[in-house]
Structures are given as C-alpha cells and as structure tokens.
Amino acid sequence: QVQVVESRGGLVQPGGSLRLSCAASGSIFRINAMGWYRQAPGKQRELVAAITSGGNTNYHDSVKDRFTISRTNGKNTVYLQMNSLKPEDTAVYYCNADWVDYSGTIVKSWGQGTQVTVSS
C-alpha cells in the first residue's frame, strides 16, 4: 500500500505565508509527478501546482508568482510554499502522487486533505 500524508494547514491572515508538505511512502517503483489540488465549498477540485520527476512545474493562473512547489526526489516529498495569501485561497488542500508500482501499473493516490483558511 502507498500512503500520501500531508502536513497540517491552518489559519493565516491575508498577506501571510504558509508552507505545506506531503510525503508519499510504500511500494513505489517510481513517482512520475506530485501535486497539490484544492477544493473550496461549493466548487470543484482544482489543480494548484504540480511538479514532475524532471522538475517541470505547472501552476494555476491564480497562484502564479505567489506559490512555489518544490520536491525532494529521494524522499518522495513535495512542498508548497504559499505567500501573499488571499481569502480566496481558503480551501481544503489535497496532495496527489502519480506513481508506478513494480508491475508497471500507473496509480494515482491522494492524501486526506488539510484545511487552509485565510482570514483576518
């Protein structure tokens, strides 16, 4: 089994910063990409940022220049540094890992989600 475990989010004032981390562990042959998604009440889950094993990154337009995703390949860990947070960033944030098992099957695994609230 593979586990994807996120760090705890929290309450942050507008303009503040928060760093999330996520670690994937288990019978993983290779991780192709890891990313962060978020889902606000009444809205669909959306991609926030993703990073491939080669280091290529992709961001939602609303977080470009404010959020940075990074990864420690050897430890299958991904980080999301969130700066200049806005109330509209409030959501449950989910970590995702796209990985390959030892039989060559591609699998997508999710963390349990962590609440990020931006409010004064």
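First things first, this report covers the structure right here in the doc. (Residues numbered from 1 in each chain as written. Predicted model: local features only at pLDDT ≥ 70, side-chain atom pairs only at ≥ 80, totals over all residues. Heavy atoms only, no water.)

Along its length, the protein carries 0 helices and 11 strands. Secondary structure elements in the protein, listed N-terminal to C-terminal, are β-β-β-β-β-β-β-β-β-β-β. The C-alpha atoms of the protein give 14 Å as radius of gyration, which agrees with the globular expectation for 120 residues (14 Å, within 12%). Dimensions of the protein, computed from the C-alpha atoms along their principal axes, are close to 50 × 25 × 20 Å. By residue count, 42% of the 120 residues in the protein fall in the buried class. Total accessible area computed for the protein in this model is approximately 6500 Å², and 46% of it derives from carbon and sulfur atoms. Averaging the locations of the 12 positively and 8 negatively charged side chains of the protein gives two centres separated by 4 Å. (Helix = DSSP H or I, 4+ residues; strand = E, 2+ residues; numbered from the N terminus. Rg over C-alpha atoms; globule rule 2.2 N^0.38 Å. Buried < 20%, exposed > 50% of the residue type's maximum accessible area, 1.4 Å probe, protein only. Areas by Shrake-Rupley, 256 points an atom, 1.4 Å probe, with all protein chains shown as cover. Lys, Arg positive; Asp, Glu negative; His and termini not counted. Charge placed at Lys NZ, Arg CZ, Asp CG, Glu CD.)

A few words now on the side chain of Asp89. Take Asp89: it is sitting in the loop between strand E8 (77-82) and strand E9 (91-100). For Asp89, a relative accessible area of 1% corresponds to the buried category. In terms of polar contacts, Asp89 uses its side chain to reach the side chain of Arg66, at 2.8 Å. One polar contact links the side chain of Asp89 to the main-chain amide nitrogen of Lys86, over a distance of 2.8 Å. The contacts of Asp89, once residues within four sequence positions are left out, are Arg38, Val63, Arg66, Phe67, Ser84, Val116 and Val118. (Polar contact = N/O pair within 3.5 Å; in protein donor to acceptor, adjacent residues only side chain to side chain. Contact = heavy atoms within 4.5 Å.)

Quick look at the pattern of salt bridges now. A side chain of one charge can pair with a side chain of the opposite charge if their charged atoms are brought near each other. In the structure shown here, the tally under the stated rule is 5 salt bridges. Among the salt bridges present, the one from Arg38 reaches Asp89, with a minimum N-O distance of 3.0 Å. Residue Arg38 is located in strand E4 (residues 30-39), and its partner Asp89 is located in the loop between E8 and E9; the two are separated by 51 residues in the primary sequence. The class for Arg38 is buried, based on a relative accessible area of 6%. With a closest N to O distance of 3.1 Å, Asp61 and Lys64 form a salt bridge. Classification of Lys64 as partly exposed rests on a relative accessible area of 42%. A single salt-bridge network, built from bridges that share partners, covers Arg38, Glu46, Arg66 and Asp89. (Salt bridge = Lys/Arg side-chain N within 4 Å of Asp/Glu carboxyl O.)

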